[in-house]
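Residues per chain, in single letters:
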Amino acid sequence: DNIISINDNNFLENIKGKKPLFISVISNIETTKYLPISGVNRKVIEYTPAADMELVILGRSISLPSPPVDTTMCPSPATITRANVYLKDIPVLTVDAGAEIKPKIPTSTYIPVDRKPTGDISKGLAMENSKKLFETGRKIGKKLVVERDFQVAVIGECVPGGTTSALGVLLGLGYDAEDKVSSGSVKNPKELKLKVVEEGLKRAKSQDVFDILNAVGDKMMPVVAGMVFSLVKCKRYVILGGGTQMASVLAVIKEIDRKYVKEEVLDSGYISIGTTEFLLRDRNSDIKGLIKEIECNIPLYASRFYYERSKIEGLKAYCRGAVKEGVGAGGISVYSYTNGLSPDNIREYVEKNYWEWYKS
Ligand code: AAM
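Calculation notes
- Residues numbered from 1 in each chain as written.
- Predicted model: local features only at pLDDT ≥ 70, side-chain atom pairs only at ≥ 80, totals over all residues.
- Heavy atoms only, no water.
- Helix = DSSP H or I, 4+ residues; strand = E, 2+ residues; numbered from the N terminus.
- Buried < 20%, exposed > 50% of the residue type's maximum accessible area, 1.4 Å probe, protein only.
- Contact = heavy atoms within 4.5 Å.
- Areas by Shrake-Rupley, 256 points an atom, 1.4 Å probe, with all protein chains shown as cover.
- Lys, Arg positive; Asp, Glu negative; His and termini not counted.
- Charge placed at Lys NZ, Arg CZ, Asp CG, Glu CD.
- Pairing = 2+ DSSP bridges.
- Axes fitted to C-alpha atoms, helices over the stretch in contact; angles between N-to-C directions.

Each helix and strand counted, the chain has 14 helices and 8 strands in total. Projected onto its principal axes, the C-alpha positions of the chain cover 50 × 45 × 40 Å. Each of the 360 residues in the chain was classed as buried or not, and the buried ones make up 64%. Considering only residue pairs separated by 6 or more positions, the chain has 81% of its internal contacts joining residues 24 or more positions apart. Of the roughly 14,100 Å² of accessible surface on the chain, a fraction of 49% belongs to carbon and sulfur atoms. Put simply, the chain has 50 plus and 44 minus side-chain charges, and the middle of one group is 3 Å from the middle of the other.

Written out as structure tokens, the structure reads:
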């Protein structure tokens, strides 16, 4: 089958034939400028959120000569997301929670939330406003329900360095996450990432979820958490498109719900995680273990791509653990496969456009 399901609760049946909206929440993290914590190529890291969203929305990157690449020059997962939104005609919104470079996309597809990137997580200075960002996320969720016609929201992220902030937040919330959080690179730089977040966590003001986010989180997390609360309240299905970064968002949602909101949102049946087979198979992380530890009854779906059949080296490299996931690639594919698209459609679209995208 094209979708691997774990903890299935009929979610996929429920989203069949339902109208989608893809929302990507983007941010940069200061720490990535001087420490090699990210799998994204250092030369393009500041431009990656902007260039990924340009590719998804316009079909080409403008802020960079070619779409982003990882440290080994493999193509951005935004290529997969682009294939989905193009082939299934899925509307796209970008929520800017601190992209260093602003994406050159139509204003109708752009929601500015925070001009300033996420700060330095190694100093415990990720942000000061996580509570406010959570409230902003809630407002955006409510507004979308009023203004847009959709029943399924696929929420993705583009946050280079985001697996490190995910690790920090999970550790800060008391999870045994040390060996469970993934990376955009084949060889997860675990020791460095752990050192960074342990330093940062020392400066957290308290164990409160918002203080942990303020210290070592990234600005995508509270915004997505806020959106999820209001979308579910309005009975929209939500696919959190991503791997262990979205698992950390689940942990944040759970803690905010327990301590503040008390809506038992994770038991609603309206939320799932959608990722890729590459992430699920990653030997250097354990998303299943994480979800189990978070103790939420959320189904996990992983989309398959059959990239081993590709003639393009950069795509085959995904099967060896390069890139793996990002920009909602896995989650949006879960939606599309449930609604008629095939992995071959995606691979053929990416292959057809690959040489044009990456000619320079
Ligand atoms: C997003 N665009 C990417 C990419 N991602 N382009 C190339 N490679 C990626 N891996 P890390 O913590 O190692 O930086 O991984 C998280 C990032 O990788 C996120 O931006 C995610 O969307 C993905």
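A regular strand places its side chains so that they alternate between the two faces of the sheet. For strand β2 (residues 20–26), the tally of buried residues reaches 7 of 7 residues, placing the bulk of the element in the interior. Burial along β2 is two-sided: Pro20, Phe22, Ser24 and Ile26 facing one way and Leu21, Ile23 and Val25 facing the other are all buried. Of the strand pairs in this sheet, β2 and strand β5 (residues 152–158) are connected by 7 bridges, and their pairing is parallel. Bridged to Phe22 within β5 is Val154. Bridging between β2 and strand β3 (residues 92–97) involves 5 bridges; their strand directions are parallel. By the bridge assignment for β3, Ile26 is matched with Asp96.

Right, let's talk about the sheet that holds strand β8 (residues 300–303) for a bit. With respect to topology, 8 strands assemble into an open sheet ordered β1-β8-β7-β6-β5-β2-β3-β4, the strand pairing being mixed. Pairing within the sheet leaves two strands with one partner each, and these edge strands are β1 (3–6) and β4 (110–114). If you compare each strand with its neighbour and ignore which way they point, the axes differ by 25° on average.

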